Amino acid sequence: MNIKKETINDNSKITANSKQLEILKKNFPQCFDKDGNFITHKMEEIVAINGLEISTESYGLNWLGKSYARLLANENPLTMLKEDKNHNSLEENKNSENLLIKGDNLEVLKHLSNAYYEKIKMIYIDPPYNTGSDGFVYQDNRKFTVEELSELAGIDEEKAKRILEFTQSKSNSHSAWLTFMYPRLYIARYLLRDDGVIFVSIDDNEVAQLRLLMDEIFGEENFVAELPTIMNLKGNNDEYGFAGTHEFTMVYAKQKDITKLNQFSINEDELDDWQEDERGFYKQGANLKATGINAPREKRPNLYFPIFIDDNNNIYITDDDKPPKQYVGNLITLYPITNDKEMSWRWSKDKFIKNKKDIIILRNGEIGIYKKQRPALGDMPSKKPKTIFYKPEYSSGNGTAQIKELFIEKVFSNPKPSQLIKDFLEIGLNPNKNDLVLDFFAGSGTTGDAVMQLNTEDGGNRKYILVQLPEPIDPKKNKIAYDFVKNELKVDNPTIFEITKERLIRATKKIQQDNANLKEPKDLSNVDLGFKIFETIPNNEGNWENYSFEVDKFNSEQKLFDENKLTKEDLEVLLTTWKTYDGFLLTENLKEIDLDGYTGYYLDNKLYLVDKGFKTKYLKKLLEEIDSNKDFNPATIIIFGYNFESKMLREIADNVKNFANKKQLDIDFVERY
């Protein structure tokens, strides 16, 4: 039996285009020759068959570091994933599906890329604005030589040298910011569902660059809006020339043609603008006479026909365009004519006939015919959000006030107000209230707080994933936050992550207390108010550096492990990392399988064998379990190669392959490092 060998964090063959080429080869093998060269005209033929043209007009965003950013986007993670078992085992967290992950968000996104591929409905991020005073600098601990970067990124050595200089100099240039953002947004797009949407907060410093960057990653056709978001209606008089009142929110869809954005519910005062019929609420919508450059009769001759209306406002459409034989009172004949010019209707004859109850007839001098505008959110009326995004609750002062309410002191600068994020959630998520939200610049944790508040209000089951770097808190810049984490939370080296975590804990308590104070408290037993914590740890933390050798140079006589090196906790880290790589959610738990004294770890047709000391009797028990246990159907057995001697690896593989199991499972065997 052939044993598949793999090293999941191997970046030796990764280039700036390696994964993109892999996708092309998988989906368009006919466009490559036997030597792996791309055949351009073959792709042009595919495009032509679908009626598309090759565009000769092209522009794009280029900057020093773009090739490096693409390389970073393709690299496999350089870290492992570790579970905070103490926190996660607490009663309020053990069944939670919310996540808070500590680590560099680029590394975390890479870890999530398999398990959460196309599972995220909405992303909200508030990345560094690169104002010059917000502390953003590009920091990168990767070590490339000029020659290595030149080869991997496909650039000349002079350019590679310039890139390495700025990536290692803590730059805050536009190029540095774009290099920082590109790989994160690139991977984030793959995490979004096809009907997903992303909201990005930004200000003047990088809004132009962000727009072009988003166009490149998400496609110009998927741009939704660039919303001036009013955060300070009084204005900031410290700014030059004008008192600044707003920042921006950039909105893009994954696939705009299938993405549905929700509308806001209206308040009681606005309900006066609506009427009600047997089908529900409505108000006057668009005039059904078409306007615009495509409205003239000669452009849409099929949409020029008479509509007949009697005294009871009954509408008649006839095939031969002649008046109906039966009607009430007098009959009016209406054509789509505007200013004596023959135009067209917005609807076809069939649509008029099918939607007669969705038409309003107005008789104010001249007779008019309009569409009934129905609510977009079910039975109640709603309104489309405006492109100037403003409510008094969006004030940045409210965000600070909310932090002070939870912490007594201002432990975080410029937090987003929760109502702003709640409104983004209302627009971007489905009405079924079961969606997954990602924020990989979590900051104070407003997104998680907002998700829990919404679920409390409407009984939803939305889940969040927050990612926050353990960025050290500078006691000179924010002594209040530093002292709080140091003295109250008892953390020796205070970081922003501790603020994020504590915000979620305190927000949960506040939600519970506020609910308890209501005259009619809600049942919160089904509302997920907990969260699980994971973190990234370097590969060389603990003992992982002792297990680095090239699998291709495998020596059957080589001792594959030092029994004194790896602890049980180390192997738990390995399993957490592997299960996520294999597509399992971080909140899914592996089930322990007892193989006559040896423990295997099983989930959804995958069996992991990672402990040392595997013997033939355990193999016998494994084969018996495959035959007799109806809930045990391993289609893949994954073995931690360093903890198994080569002879035992071969024995397991051969016996599993040759075993004629009653379930007729075709079992793959993977030796992983």
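Placed above this text is the structure.
Predicted model only: the values in this text are computed from it and were never measured. (Residues numbered from 1 in each chain as written. Predicted model: local features only at pLDDT ≥ 70, side-chain atom pairs only at ≥ 80, totals over all residues. Heavy atoms only, no water.)

### Remarks on the packing of aromatic side chains
Under the counting rule described, the total for this entry stands at 31 aromatic pairs. Ring centres of Tyr182 and Tyr186 lie 5.7 Å apart, and the angle between their planes is 25°; this geometry places the pair in the stacked category. Of this pair, Tyr182 and Tyr186 both sit in helix 8 (residues 174-191), 4 residues apart, roughly one helical turn. For the pair shown, Tyr182 and Tyr186 are each scored as buried. Ring centres of Tyr186 and Tyr190 lie 5.5 Å apart, and the angle between their planes is 50°; this geometry places the pair in the tilted category. (Phe/Tyr/Trp six-rings, centres within 6.5 Å; stacked < 30°, edge-to-face > 60°. Helix = DSSP H or I, 4+ residues; strand = E, 2+ residues; numbered from the N terminus. Buried < 20%, exposed > 50% of the residue type's maximum accessible area, 1.4 Å probe, protein only.)

### Some remarks on the pattern of salt bridges
The final tally for this structure, using the stated rule, is 42 salt bridges. The shortest N-O distance in the salt bridge between Lys416 and Glu247 comes to 3.3 Å. With Lys416 in the loop between helix 11 (396-407) and helix 12 (418-428) and Glu247 in strand 7 (residues 246-253), the pair connects residues that are 169 residues apart, well separated along the chain. We note that Lys416, like Glu247, is buried. When salt bridges that share partners are traced, they join Glu75, Glu107, Lys110, Asp140 and Arg142 into one network. (Salt bridge = Lys/Arg side-chain N within 4 Å of Asp/Glu carboxyl O.)

### With respect to helix 18 (residues 646-658)
In a regular helix each residue adds 1.5 Å, so 13 residues correspond to 18 Å; helix 18 covers 18 Å between its end C-alpha atoms and thus fits that length. Of the positions making up helix 18, those classed as buried are Met648, Leu649, Ile652, Ala653 and Val656. The arc enclosing the buried residues of helix 18, seen along the axis, measures out at 130°, which places them on a common side. Seen from the open side of helix 18, the exposed residues pointing more than 90 degrees away from its buried face are Lys647 and Asn658. (Expected span 1.5 Å × (residues − 1). Arc of directions from axis to C-beta.)

### Looking at the sheet that holds strand 20 (residues 463-468)
Spatially, 2-21-3-20-19-4-5-7-6 is the arrangement adopted by the 9 strands of the open sheet, whose pairing is mixed. Two strands lie at the open edges of the sheet, namely strand 2 (79-83) and strand 6 (223-230), each paired on one side alone. In this sheet, adjacent strand axes meet at a mean angle of 20° when their direction is disregarded. Judged from the 5 bridges that link them, strand 4 (residues 120-125) and strand 5 (residues 192-202) form a sheet pairing that is parallel. Its bridge partner lying in strand 5, Ile125 is registered against Val200. In this fold helix 5 (residues 105-115) packs onto strand 2, strand 3 (99-102), strand 19 (436-439), strand 20 and strand 21 (532-538), with an angle of close to 80° to the strand it touches most, strand 2. (Pairing = 2+ DSSP bridges. Axes fitted to C-alpha atoms, helices over the stretch in contact; angles between N-to-C directions. Contact = heavy atoms within 4.5 Å.)

### Comments concerning unusual backbone geometry
Unusually for a residue other than glycine, Lys170 sits at a positive phi of about 55°. Relative to the assigned elements, Lys170 resides in the loop between helix 7 (157-167) and helix 8. One non-glycine residue with positive phi stands out, namely Asn414, at about 55°. Overall, Asn414 belongs to the exposed group, its relative accessible area being 63%.

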